[in-house]
Each structure stands twice: as structure tokens, then as C-alpha cells.
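Spelled out from the first residue to the last, the chains are:
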Amino acid sequence: MKQVTPNVRWGLLDAAISTVAPRAASRRYAARVAIANMRRGYDGAARGRATDGWVAGGTSADTEIAVAGPVLRARMRDLVRNNAIAAQAVQVLVNNIVGSGIIPRANTGDAGLDKVVDQLWQRWAADCDAHGHTTFQGLLSLAVREMVEGGDVFAVKRTLRRGASDQVPLKIELREADHLDESRINQLRDGSGIRQGIEYDKTGNRVAYWMYPHHPGNTLVSSQLNPVRVRANMVAHLLERQRVQNRGVPWGTPAMRAIRDVDDWQNAELVRKKTEACLVGIVFGAEEDQMSIAPTVQDADGNRVEQFEPGLIAYARGGKDIKFNQPASTAGIYEWHRVQLHIIAAGFRVPYALMTGDLSQTNFASSRVGLNEFRRMVAQVQHQTVIPMFCAPIWRWFIEMAQVAGLLPADAHIPAQWTPPRFESVNPLQDAQADMLEVRAGFSSLPQQIARRGLDPETLIADWAAFADKTDALKLVFDSDPRLVSKAGLAQTNDPTQPTQPPDQGNT
């Protein structure tokens, strides 16, 4: 018989096949080796005593979210309401993803049309909330908070029948994830149907949402709520997709158990410390005629003590001594607590220092490295989730309704360029020098650098030109004017704004 590798043995059938069909026997042998290697290739898939308690299902993301989604939302909202760490983690995410706002600019290539669209957007964005509370940037901030805290949020398009002649007849209404009728299920054989309150056609595209007009948990409205079918083109659904899924989950889901455990530990430790601090000491030593009386504990007035109070000194009958209470101390509490907070920060995907405000374990280099990675994650969420799933649909609604109202050309294609807020620089001088070198080397343009700071290049250049004309009229010269002052702070010999005179060829 031929020599084979360990743990792989040929049987009589294989030996017989090898004599008449060597290729078939070789394929059988290769399959045996592959199966053996596959079985011992992944320790995480091993079965035994070490993994007996590891229960992992193969269900789809929608199936898991349908069961756990409402519970996760309720528990995360409870943590944000009552736990300072959870509340700060959510606030840090909202501050960095939205900040002062994600600003759109019309990008048609026609400067005049772009200016008209931008001015129209500014007027509409200042009063676009259907509930009349805030601006578009306020709605965006609230929507991102709902996505982080509750998993997903819905923006519903509300058209107006009448309005001012120069106003876009459009309002935006935000609805929480609870508005969706998750119990509505109707699956058909061709693939169409309703799952978790979302209606799909047979190709899997969203057709409509079945939503309650009021929050089902609102006690001020009637409990007899009937869901209403809202067309999908009237809804912008904001969620983060981590699998092929149609509903979202709270961002802090991996940290929920850790937050709860730390919260319970803090409460238990606080109760223990309070209990230890209540009793200061007990005085042993009473009159000799009371030695035969059963031991009791009394206060200074002779009243029997049945409940300890802070600063209490009690007296016991019998004995001649005084014992002071010595609260116990636990070593390593700070280190253990810090490790738990690191776990919570990782679950929320925020830097530990931003979530806790503890900068004792960071220096300039480590802080910058951590912030750079966090900012890459934030930029990914901005450009791959928030802008395409929330900002872009609302922009399309805005352009559509402005064209219907006759405020914009009906046949014009008007895309938008969205500019997220810039991140505060850790070292402004070095970053500004690096940006200047990139522009001078041709690696980027000046408008690109201006846009990276969350500003509109056209507006900034127009403001700069107006300011330069005003200073020229007043004959004022500033070091910040590169036309008149060099980088070293010296006056320019020639005015860069004037054409250069060619030298006189007739003079030697």
C-alpha cells in the first residue's frame, strides 16, 4: 500500500479503486485530506468542553433584529437617560458626525444657478421642520442621535398645498423607529410581501412603510392606532448596515452588558461604603450592677440602637473597652474600573478620553493616533451612511418641490456637494503648514482645502475679494494680504495684481 500522511488512511475500497482508476482514487484521497484539514483548521469552530456554552445561531440579521430590536432600543434609551457614560458616548458621536452641520452646495457648473439654489436652500432650511422646532441642521442632529441611540429613524416628506410665493412647499417630519408596525408580516411566494412593517416587491425593492401616525407609546393619544401605508419615495430611512439588513440596532449594543454591570457595581460599592461609614465605634464599659444583664447596644441617651446612622457612637452593656469601625479598602479598583470603561468605549466606537474626559493616560502622539482612527470612522459614516441615506433624499425632495413651485428650472439637473464640519486640529500650526505645502506642490487645490474646513470656497473668495477692495480703497496694508506682503512679512516689490511691464529692449 502507498505511504499516506498521518490521520488519513486508505480503506480496502480506496485500494481497490487505485488499481483500476488511479485518478479517481487520487481525487478521493485529496477530498479526505481537505476534510481532515478543515476539521482541525479553525479553533473557533471546535466542539468540546471549552465551547459547550457558546451558542451561536445562523439566523439572518433581520430575524435577529425582529426579536431583539425593541428590547435593545428600550434598554439603550434607559441607559442614556440614567447613565452618564452612555449619555456622553452618544453625545460624542453626534458631535463628531454632525457637529455644526453638514452643508450642501449646488454643483451644476452654472455659478448663477448655483447661487440661486443655495439661497433658496438657506431660506427653506431655516424653517423646514414639520413640528416647527428647529432647522435642517437641527433635524439632522436629532436624526443621527436617534440612529445611534435607537438604531434607525425615519424622515417623512410633507408637502404643503399653499405657502409663500418664494418658499418651497415642503416640510420634514422625523419619526422614531417605534412608529413602524413591526408586527405586520405578509410573505408571498414570489418574494414580495411585508416584513417588520416594510413592504417589498418581488425584486426586493422597498415599496412602502406601514407606520403609526403617532408614537405607539404615547399615553396622550388613543391606544387604538391603525398603521398607515406610506410610499417609500416619501420616506428617508437612516440606519447603519453592518450586515445585509433592513433595520438598525443601537450603536452601543456590544457595551450594554458592561455598562449595566459597572452601574450595578458602583451602586453596590456605594451602599457598602455608606453602611461602613454609618457606625464610628462602640463603647464597651458599663456599671458593675449591669454586668449580668444581657448585652445590648444603646446611644448616648440610653435608647436601644436598632438602626445605624452616620457618625453613630453606640454603648454596649458589659465589657470595658471601645472598638472603632475601620472601613475596608479594596485594592485595584481604579485600574479595574478604567479597564471596564475602555471596554465600554470600544463598544460605542469612541475614544476613551473623549467619553470619560480622562487624559491622564494619553500624550500628544497617542491622542493624535486615536483621534485619527476615530475621525476615519466618522468620515466613513458621514459619506457612506448619513449623506446618501438622509441628506441626499431630502435634497431631491427640495429640488423637486422647488421645481413644482416654479422657483427653479423644471428641466435642470441640480446635484449637491455636501461638506461635513471640519475636525478641530490637534496642532493647528503644523496642519496649516502641511496644507500649504500640499497646495504649492499641486497635490490639492485651494478650493479643496477650503472645503475640508467646512467652508464654501466661492463664498470665502467673494468675501476676501470684497475685503481686499475695501482695504485698497482705504490704502490699508495687512500682513495677511499676499498681494502686498510676502510670506516673510516684507513688502512686495511689484503689485501681483498689476501686469508685469516687459523690459525696454533698446536700453543696454
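Remember, it's a predicted structure, so these values are computed and weren't measured experimentally.

## Topic: the overall build of the protein
A count of helices and strands for the protein gives 13 helices and 14 strands. Sequence separation of 24 or more characterises 64% of the internal contacts of the protein that already satisfy a separation of 6 or more. Carbon and sulfur atoms make up 54% of the accessible area of the protein, which totals about 32,200 Å².

## Some points on helix 8 (residues 333-348)
Helix length check: helix 8, at 16 residues, gives a terminal C-alpha distance of 23 Å against a target of 22 Å (1.5 Å per residue), a fit within 8%. Arg338, Gln340, Leu341, Ile344, Ala345, Gly347 and Phe348 are the residues of helix 8 that are buried.

## Digging into the sheet that holds strand 8 (residues 228-231)
Strand order in the open sheet made by the five strands is 4-5-6-7-8, with antiparallel pairing throughout. Where the open sheet ends on each side, the last strands, each with one partner, are strand 4 (186-187) and strand 8.

## Examining the packing of aromatic side chains
Going through the model one piece at a time under the given rule, you end up with 13 aromatic pairs. Judged by centre distance (4.8 Å) and plane angle (55°), the rings of Trp265 and Trp336 are tilted. Taken together, the positions of Trp265 in helix 7 (residues 256-278) and Trp336 in helix 8 put the pair 71 residues apart, joining distant regions of the chain. By relative accessible area, Trp265 is classed as partly exposed at 22%.

## Quick look at the sheet that holds strand 2 (residues 152-159)
The three strands lie next to each other as 3-2-9, forming an open sheet whose pairing is antiparallel. Looking along the sheet, the strands with just one partner apiece sit at the ends: strand 3 (170-176) and strand 9 (235-239). The mean inter-strand angle of the sheet, taken between neighbouring strand axes irrespective of direction, is 20°.

## So, the pattern of salt bridges
It is possible for side chains bearing opposite charge to pair when their charged atoms get close. Per the counting criterion, the structure on display carries 17 salt bridges. The salt bridge partner of Arg247 is Asp152, with a shortest N-O separation of 2.6 Å. In this pair, Arg247 sits in the loop between strand 9 and helix 7 while Asp152 sits in strand 2, placing the two residues 95 residues apart along the sequence. Taking the shortest distance from any N to any O, the salt bridge between Lys157 and Glu400 comes out at 3.3 Å. With a gap of 243 residues between them, Lys157 in strand 2 and Glu400 in helix 10 (residues 364-404) connect regions that are remote in the sequence. Among the charged side chains, a network of salt bridges with common partners joins Arg73, Arg77, Asp152, Glu176, Asp178, Glu182 and Arg247.

## Some words on the nonpolar core
The biggest cluster of nonpolar side chains holds 67 residues, and the ones touching the most others in it are Trp124, Phe136, Phe348, Phe390 and Phe398. Here this core gets 15 residues from one element, more than from any other, and that element is helix 10. When residues no more than four places from it in sequence are discounted, the contact partners of Phe390 are Phe136, Leu139, Leu140, Ala143, Ala155, Leu174, Leu238 and Thr385. Among the nonpolar cores identified, the runner-up in size contains ten residues, and Leu180, Tyr209, Met211 and Ala232 belong to it.

## What to know about the confidence of the model for the protein
Looking at the protein as a whole, its pLDDT mean stands at 82, while 81% of the residues score no less than 70. Here strand 13 (residues 320-324) is the element of the protein with the lowest mean pLDDT, 57, and strand 9 is the one with the highest, 97. Taken as a whole, residues 1-8 scores under 50 in pLDDT and shows ten contacts with residues more than four places along the chain or in a different chain. With pLDDT under 50 throughout, residues 288-294 is counted as low confidence; its partners more than four residues away or in other chains account for five contacts.

Rules behind the numbers
Residues numbered from 1 in each chain as written. Predicted model: local features only at pLDDT ≥ 70, side-chain atom pairs only at ≥ 80, totals over all residues. Heavy atoms only, no water. Helix = DSSP H or I, 4+ residues; strand = E, 2+ residues; numbered from the N terminus. Contact = heavy atoms within 4.5 Å. Areas by Shrake-Rupley, 256 points an atom, 1.4 Å probe, with all protein chains shown as cover. Expected span 1.5 Å × (residues − 1). Buried < 20%, exposed > 50% of the residue type's maximum accessible area, 1.4 Å probe, protein only. Pairing = 2+ DSSP bridges. Phe/Tyr/Trp six-rings, centres within 6.5 Å; stacked < 30°, edge-to-face > 60°. Axes fitted to C-alpha atoms, helices over the stretch in contact; angles between N-to-C directions. Salt bridge = Lys/Arg side-chain N within 4 Å of Asp/Glu carboxyl O. Core = buried A, V, L, I, M, F, W, Y, C linked by side-chain atoms within 4.5 Å. pLDDT = per-residue confidence, 0-100.

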